[in-house]
Amino acid sequence: MSTMNPLSPEALLAAPKVLLHDHLDGGLRPRTVIELADACGHEGLPTADPAELGAWFRDNADSGSLVRYLEGFAHTCGVMQDEAALVRVAAEAAQDLADDGVAYAEIRYAPELFTDRGLRLEQVVEAVNEGFRQGEAASGNRIRVNALLCAMRQNDGWQRIADLVVRYRDAGVVGFDIAGPEAGFPATRELPAFEYLREQNAHFTVHAGEADGLESIHRAVQRCGAERLGHGVRIIDDVDGDQVGRLAAYVRDRRIALEMCPTSNVHTGAFASIAEHPVKRLADLGFRVTLNTDNRLMSDCSLTGEFAAVVREFDFGWDDLRTFTVNAAKAAFLPLDERRALIQDVVEPGYAALKG
Ligand SMILES: O=c1[nH]cnc2c1ncn2[C@@H]1O[C@H](CO)[C@@H](O)[C@H]1O
Ligand SMILES: [Zn+2]
């Protein structure tokens, strides 16, 4: 260890990172929320000061409840109801992630949340794609961004979103997800949407095992066929010391990636603190652990910050961080050759250089 570079904030920022779980409507710049609210007449923001607004979102999110956590999205979705706003938010997201050292990101959103003022779902998808392309270019192509489309668990009509995923599969949309309140809205509620996606050889992840328990993970994996799990942190309930239960073993052995978001998991009450987060226990047991942001605005976080937090808490070293990043690249909804190129040309040389 002594010959290695220290895990300084600068070095963690420079480390090439791969981000699989980041919500478009959870990552706006506070100033952008204020400017867009002014422009479109969205009322009810708690303050017009960017720093205060950032703090307000964070305090609201740090509630200990997923349902309360989700309330802040009314203000971000409220200002994302026209194409110009969607292009801007998407472009800024790509640039902010590039500036955070993210080389590849899959950013997710629910198209139906941006149709209050008459946009069609297709217009939403095309505007966000346009924004991602602009943001990539503005960052000097330091980052590549693809989209995941979410259906909302509490709303009907998941098939419409599944259709969009297939329709735009060669145009920057690489997968499907379901988001929103987990308890009371099982992933099997609209099982045919998942059956359709599988029939179409399309990819999907499912938010599961965040605010609900093992049965939610079982449904997502065994009934729906999820290739990755959004959070999936409650899989730890099927682990007792080094004894791994059948469901947990299945998730581990099938290499189903866990999209873990430590700060968000504390804010929604999944764990009381990062120290209690199972990221290290699961990594040690061989699960395909990845580190993610979830909602950069609501949880006032960055991927570099999540890396720093788990390094601080669990004493992870460069090899661990490289493993999390390689895990994410392996689990990305990209063709094999592109995943290999990401690992061999970006991730491995980046960590080799940093390790010293
Ligand atoms: O951690 C989470 N769990 C479940 N749903 C979430 C989480 N973070 C955000 N969203 C929901 O996903 C929608 C689409 O981006 C957001 O509008 C929010 O309602
Ligand atoms: Zn999420």
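Residues numbered from 1 in each chain as written. Chains lettered and ligands numbered in written order. Predicted model: local features only at pLDDT ≥ 70, side-chain atom pairs only at ≥ 80, totals over all residues. Heavy atoms only, no water.

- As recorded in an unreviewed UniProt entry, the protein chain goes by Adenosine deaminase and comes from Actinosynnema mirum.
- One UniProt comment on the protein chain, placed under Sequence similarities (unreviewed entry), says "Belongs to the metallo-dependent hydrolases superfamily. Adenosine and AMP deaminases family. Adenosine deaminase subfamily."
- The UniProt entry for the protein chain carries the following comment under Function (unreviewed entry): "Catalyzes the hydrolytic deamination of adenosine and 2-deoxyadenosine." (UniProt positions renumbered as here; feature names shortened; annotations may be inferred.)

**A word on the overall build of the protein chain**
- Regarding its fold elements, the protein chain presents 16 helices and ten strands.
- Principal-axis analysis of the C-alpha atoms places the extent of the protein chain at approximately 55 × 45 × 40 Å.
- In the protein chain, which comprises 356 residues, the proportion classed as buried is 58%.
- In the protein chain, the share of contacts with a sequence separation of at least 24, taken over all contacts with a separation of at least 6, comes to 77%. (Helix = DSSP H or I, 4+ residues; strand = E, 2+ residues; numbered from the N terminus. Buried < 20%, exposed > 50% of the residue type's maximum accessible area, 1.4 Å probe, protein only. Contact = heavy atoms within 4.5 Å.)

**Some thoughts on the site of ligand 1**
- The environment of ligand 1 is formed by 16 residues, the closest being H23, D25, G180, E210 and D294.
- Within the contact set of ligand 1, a nitrogen atom lies 2.9 Å away from a backbone nitrogen or oxygen of G180.
- One nitrogen or oxygen atom from the side chain of N295 is found 3.0 Å from a nitrogen atom belonging to ligand 1.
- Expressed as a share of its isolated accessible area of 420 Å², the protein-covered part of ligand 1 is 98%.
- Judged by its atoms lying within 2 Å of the grid points, ligand 1 is housed in the largest pocket.
- Within the shell around ligand 1, the residues separate by chemical class into eight nonpolar, five polar and three charged. (Near = heavy atom within 4 Å. Polar contact = N/O pair within 3.5 Å; in protein donor to acceptor, adjacent residues only side chain to side chain. Areas by Shrake-Rupley, 256 points an atom, 1.4 Å probe, with all protein chains shown as cover. 1 Å grid on protein atoms, 1.4 Å probe; cavity = no way out; pocket = protein on both sides within 12 Å on 5 of 7 lines; lining within 4 Å. Sits in = over half its atoms within 2 Å of the grid points. Nonpolar A, V, L, I, M, F, W, Y, C, P; charged D, E, K, R; others polar.)

**What about the UniProt feature "site: Important for catalytic activity" (unreviewed entry) in the protein chain?**
- According to UniProt, the feature "site: Important for catalytic activity" (unreviewed entry) maps to H231 in the numbering used here.
- Examined against the element boundaries, H231 turns out to sit in strand β6 (residues 228-231).
- Aside from chain neighbours lying at most four places away, what touches H231 is H21, H207, A208, E210, L258, E259, M260, C261, S264, N265 and D294.
- A polar atom in the side chain of H231 sits 3.2 Å from the side chain of E210.

**A short note on the packing of helix α2 (residues 30-40) against helix α3 (residues 50-61)**
- Their axes nearest at 8 Å, the elements α2 and α3 cross at an angle of 105 degrees. In terms of orientation, α2 and α3 fall into the roughly perpendicular class. Across the interface between the two elements, P30, R31, V33 and I34 of α2 pack against P50, L53 and G54 of α3.
- In terms of residue class, the contact of α2 with α3 is made up of five nonpolar, one polar and one charged. (Axes fitted to C-alpha atoms, helices over the stretch in contact; angles between N-to-C directions. Parallel < 35°, antiparallel > 145°, perpendicular 65-115°, else oblique.)

**Concerning the sheet that holds strand β3 (residues 144-152)**
- Here we have four strands laid out as an open sheet, ordered β1-β2-β3-β4, and parallel in their pairing. The two strands at the open ends of the sheet, each matched to only one other strand, are β1 (17-23) and β4 (173-179). Between one strand and the next, the sheet's axes are offset by a mean angle of 25 degrees, whatever the strand orientation.
- Two strands pair when backbone bridges link them, and β1 and strand β2 (residues 102-109) are joined in this way by five bridges, in the parallel orientation. Bridge pairing in β2 links H23 to R108.
- The sheet strands contacting helix α6 (residues 83-99) are β1, β2 and β3, and the helix crosses β2 at an angle near 145 degrees.
- Sitting on the sheet, helix α7 (residues 121-138) is in contact with β2, β3 and β4, with an inclination near 155 degrees to β3. (Pairing = 2+ DSSP bridges.)

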